[in-house]
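What follows is each chain in one-letter form.
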Amino acid sequence: MAQSITSHKSGPIRGQAVVPGDKSISHRSLIFSAMATGRSEINGLLESEDVLATADALKKLGADIYRDGDCWHVTGCGLGGFQQPSSDLDLGNSGTGVRLLMGAVSGSGIHPRFVGDESLSRRPMARVLDPLRSMGVRPETDENDTLPLTLNCPDRLLPIEYTLKVASAQVKSAILLAGLQAPGVTTIIEPVLTRDHTERLLEYFGADVEITPANPGRAIAIRGETDLAGRSVTVAGDPSSTAFLVAAALICPGSELNIRNILINDTRTGFFDTIREMGAPIKLENQRVQCGEPVADLHVSHGILSGVEVPENRAPSMIDEYPILAVLSAFANGTTHMKGLKELRVKESDRLSGTAEGLIECGVPAEIKGDDLIVSGGAVPGGAQIDANLDHRMAMSFLTLGLGSEKPVEVGHTETIGSSFPNYYALMRDLGADLRTP
Ligand code: S3P
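Residues numbered from 1 in each chain as written. Predicted model: local features only at pLDDT ≥ 70, side-chain atom pairs only at ≥ 80, totals over all residues. Heavy atoms only, no water.

## Some points on the packing of helix H9 (residues 322–331) against helix H10 (residues 351–361)
Then comes step 1: Here H9 crosses H10 at 25°, and the two axes come no closer than 10 Å. In terms of orientation, H9 lies roughly parallel with respect to H10. The chirality of how H9 crosses H10 is right-handed. Counted together, Pro323, Ala326, Val327 and Ala330 of H9 and Arg351, Thr355 and Leu359 of H10 form the full contact between these two elements.
Then comes step 2: Taken together, the residues of the contact of H9 with H10 sort by class into five nonpolar, one polar and one charged. (Axes fitted to C-alpha atoms, helices over the stretch in contact; angles between N-to-C directions. Helix = DSSP H or I, 4+ residues; strand = E, 2+ residues; numbered from the N terminus. Parallel < 35°, antiparallel > 145°, perpendicular 65-115°, else oblique. Left-handed = near helix turned anticlockwise from the far one by under 90°. Contact = heavy atoms within 4.5 Å. Nonpolar A, V, L, I, M, F, W, Y, C, P; charged D, E, K, R; others polar.)

This is the structure:
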């Protein structure tokens, strides 16, 4: 298995850590800066393969983007100002990059071609293409609406009112970015709340966004043809990456870990809420607001956990954390029942099957019932070889399992860890994790 990492039972995970910038906000800060008039500065940007793919695509669309020390500088093209790229826009492994960019380019009158890696080429794009079609975009694609595809964008979009069919912040964001370029008001009804970074950051860049209650959920209205103005953005640490450090500390006896400057937006904190219910000793300190987003420092130590039931309506606030929660559940006393995980099937890999199968290979009883995942905690034998299947979060989840299991766990195809957490291996080893490469 190419680029494998083996994780061995580890001693305490200890120290002070800073995790890389939030992936969702990093993509958005680059895209909004590139759509704005004037210059923006971004500090704390996640320099992962996914985010760098978005930066490259934006450069091909005409934005001026460069890094100087720790700061990224962007000179935007202005609303509707993207130019026809001279080659394909390759978003690699990144669903967020490709889906948000499809909305961002939709009002530019251009016809870019989007491509991605094997995993991204399998993922559903109809969820974004359908609302964009009703705004006047004409995609050229196969009958499955998957990549590669060409987006024929009109000179003038139509505003729409649209109710989200899947609880997806990527879909919501793509429509909001298209709506920003259409005349009049575009309204999205979101029956189930999903991460709201687009709404917050668009307002920070000067967009006219109005949020009102709807039944169920909320309505988000954006007034189109409102220029964005370049801004200075600081990106807080990614709570999804933080989850791997927190889980390692919880599993390994004697651990004591401080993680500074974590995003704690409550559309993202379902994992922390759940592990608190399981008995995890975590504390949030020094809470503050940074560029419209709540941020805090986090303290966690080793803990004895108990199984819980995780309700379906919590899924959007922890959608990327189920594989690592399932791993933690293996170490908990009793059963953890995670409900309503349908969306996990269309992530970078089918995370619902992959998590259950991986746990079973590691000797942990796990079962899928409908769209639910049920894990029985207790002894964790480990001793398996797991293929990460081009999925960064699956790789890091099973490496975490190996830090506490009786026998080591070898994870193959770990190269995509760089799509969200480039310094994962070095940071975890520094904190005391016994991770080894061949
Ligand atoms: C993201 C939204 C989620 C999440 C992804 C990042 C975003 O995807 O899984 O990692 O930045 O908007 P969906 O919108 O498909 O749920």
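## Examining H10
Then comes step 1: All buried positions along H10 are accounted for by Arg351, Leu352, Ser353, Thr355, Ala356, Gly358 and Leu359.
Then comes step 2: For H10, the elements touching its buried residues are H9, strand S20 (366–369), strand S21 (372–376), strand S22 (385–387) and helix H11 (392–402). (Buried < 20%, exposed > 50% of the residue type's maximum accessible area, 1.4 Å probe, protein only.)

## Let's talk about the side chain of Asp297
Then comes step 1: If you trace the backbone, Asp297 turns up in strand S17 (residues 293–301).
Then comes step 2: A distance of 2.9 Å separates the side chain of Asp297 from the backbone nitrogen of Asn261, its partner in a polar contact.
Then comes step 3: Of note is the side chain of Asp297, whose polar atom sits 3.3 Å from the side chain of Arg288.
Then comes step 4: Filtering out sequence-adjacent residues up to four positions away, Asp297 remains in contact with Ile259, Arg260, Asn261, Lys283, Leu284, Glu285, Asn286 and Arg288. (Polar contact = N/O pair within 3.5 Å; in protein donor to acceptor, adjacent residues only side chain to side chain.)

## Concerning the domain arrangement of the protein
Then comes step 1: Domain boundaries in the protein define domain 1 (4–21 + 236–436) and domain 2 (23–222 + 230–234).
Then comes step 2: In this structure, domain 1 and domain 2 have C-alpha centres spaced 28 Å apart.
Then comes step 3: If you look at the interface, domain 1 gives 29 residues, while domain 2 gives 31 residues.
Then comes step 4: Summed over both partners, the interface of domain 1 with domain 2 buries about 2,400 Å², with 49% contributed by carbon and sulfur atoms.
Then comes step 5: The interface formed by domain 1 and domain 2 holds four salt bridges in total.
Then comes step 6: In this structure, the salt-bridge partner of Arg123 is Glu348, at a minimum N-O distance of 3.8 Å. (Domains from an automatic or database assignment. Buried area = accessible area lost by both parts, 1.4 Å probe. Salt bridge = Lys/Arg side-chain N within 4 Å of Asp/Glu carboxyl O.)

## A look at the environment of Val209
Then comes step 1: Within the element layout of this structure, Val209 appears in strand S12 (residues 209–213).
Then comes step 2: Residue Val209 is classed as buried on the basis of its relative accessible area, which comes to 9%.
Then comes step 3: Between the C-alpha atom of Val209 and that of Arg133, which follows or precedes it by 76 residues, the distance is 22 Å.

## Considerations on the sheet that holds strand S9 (residues 149–152)
By way of backbone hydrogen bonds, the strands of a sheet pair with one another, either parallel or antiparallel.
Then comes step 1: Ordered in space as S6-S7-S9-S8, the four strands form an open sheet in which the pairing is mixed. If you trace the sheet from one side to the other, it starts and ends with strand S6 (89–90) and strand S8 (138–140), each paired once.
Then comes step 2: As defined by bridge partners, S8 adjoins S9 across three bridges and the pair is classed as antiparallel. Within the sheet, the bridge partner assigned to Arg138 lies in S9 and is Asn152.
Then comes step 3: Strands strand S7 (113–115) and S9 of the sheet are contacted by helix H3 (residues 95–105), whose axis makes an angle of about 175° with S7. (Pairing = 2+ DSSP bridges.)

## So, the pairing of strand S16 (residues 282–290)
In the case of a regular strand, side chains alternate between the two sheet surfaces.
Then comes step 1: Where S16 meets S17, seven bridges bridge the pair, whose relative direction is antiparallel. The partner of Arg288 across the bridge, within S17, is Val295.

## Thoughts on the environment of Glu357
Then comes step 1: Structurally, Glu357 is set in helix H10.
Then comes step 2: Owing to a relative accessible area of 48%, Glu357 belongs among the partly exposed residues under this scheme.
Then comes step 3: As for Glu357 and Val346, which are separated by eleven residues in sequence, their C-alpha atoms are 16 Å apart.

## Digging into the packing of helix H7 (residues 239–251) against helix H8 (residues 270–277)
Then comes step 1: Contact geometry for H7 and H8: axes closest at 10 Å, N-to-C directions at 20°. Of the possible angle classes, the one that applies to H7 and H8 is roughly parallel. As H7 packs across H8, the resulting crossing turns out to be left-handed. Contacts between H7 and H8 involve Pro239, Thr242, Ala243, Val246 and Leu250 from the former and Phe271, Phe272 and Ile275 from the latter.
Then comes step 2: Here the residues of the contact of H7 with H8 sort into seven nonpolar, one polar and no charged.

## A look at the site of the ligand
Then comes step 1: Taken together, Ser24, Arg28, Thr96, Ala167, Ser168, Ala169, Gln170, Arg195, Ile319, Asp320 and Lys347 make up the full set of residues adjacent to the ligand.
Then comes step 2: Lys347 has a polar side-chain atom sitting 2.7 Å from an oxygen atom of the ligand.
Then comes step 3: Protein chains bury 95% of the 380 Å² of accessible surface belonging to the ligand in isolation.
Then comes step 4: Taken atom by atom, the bulk of the ligand overlaps the largest pocket.
Then comes step 5: Of all the elements in the fold, those that place two or more residues in the shell around the ligand are helix H1 (23–35) and helix H5 (169–179).
Then comes step 6: Grouping the constituent residues of the shell around the ligand by class yields three nonpolar, four polar and four charged.
Then comes step 7: Looking at which domains feed residues into the shell around the ligand, each of domain 1 (4–21 + 236–436) and domain 2 (23–222 + 230–234) supplies at least three. (Near = heavy atom within 4 Å. Areas by Shrake-Rupley, 256 points an atom, 1.4 Å probe, with all protein chains shown as cover. 1 Å grid on protein atoms, 1.4 Å probe; cavity = no way out; pocket = protein on both sides within 12 Å on 5 of 7 lines; lining within 4 Å. Sits in = over half its atoms within 2 Å of the grid points.)

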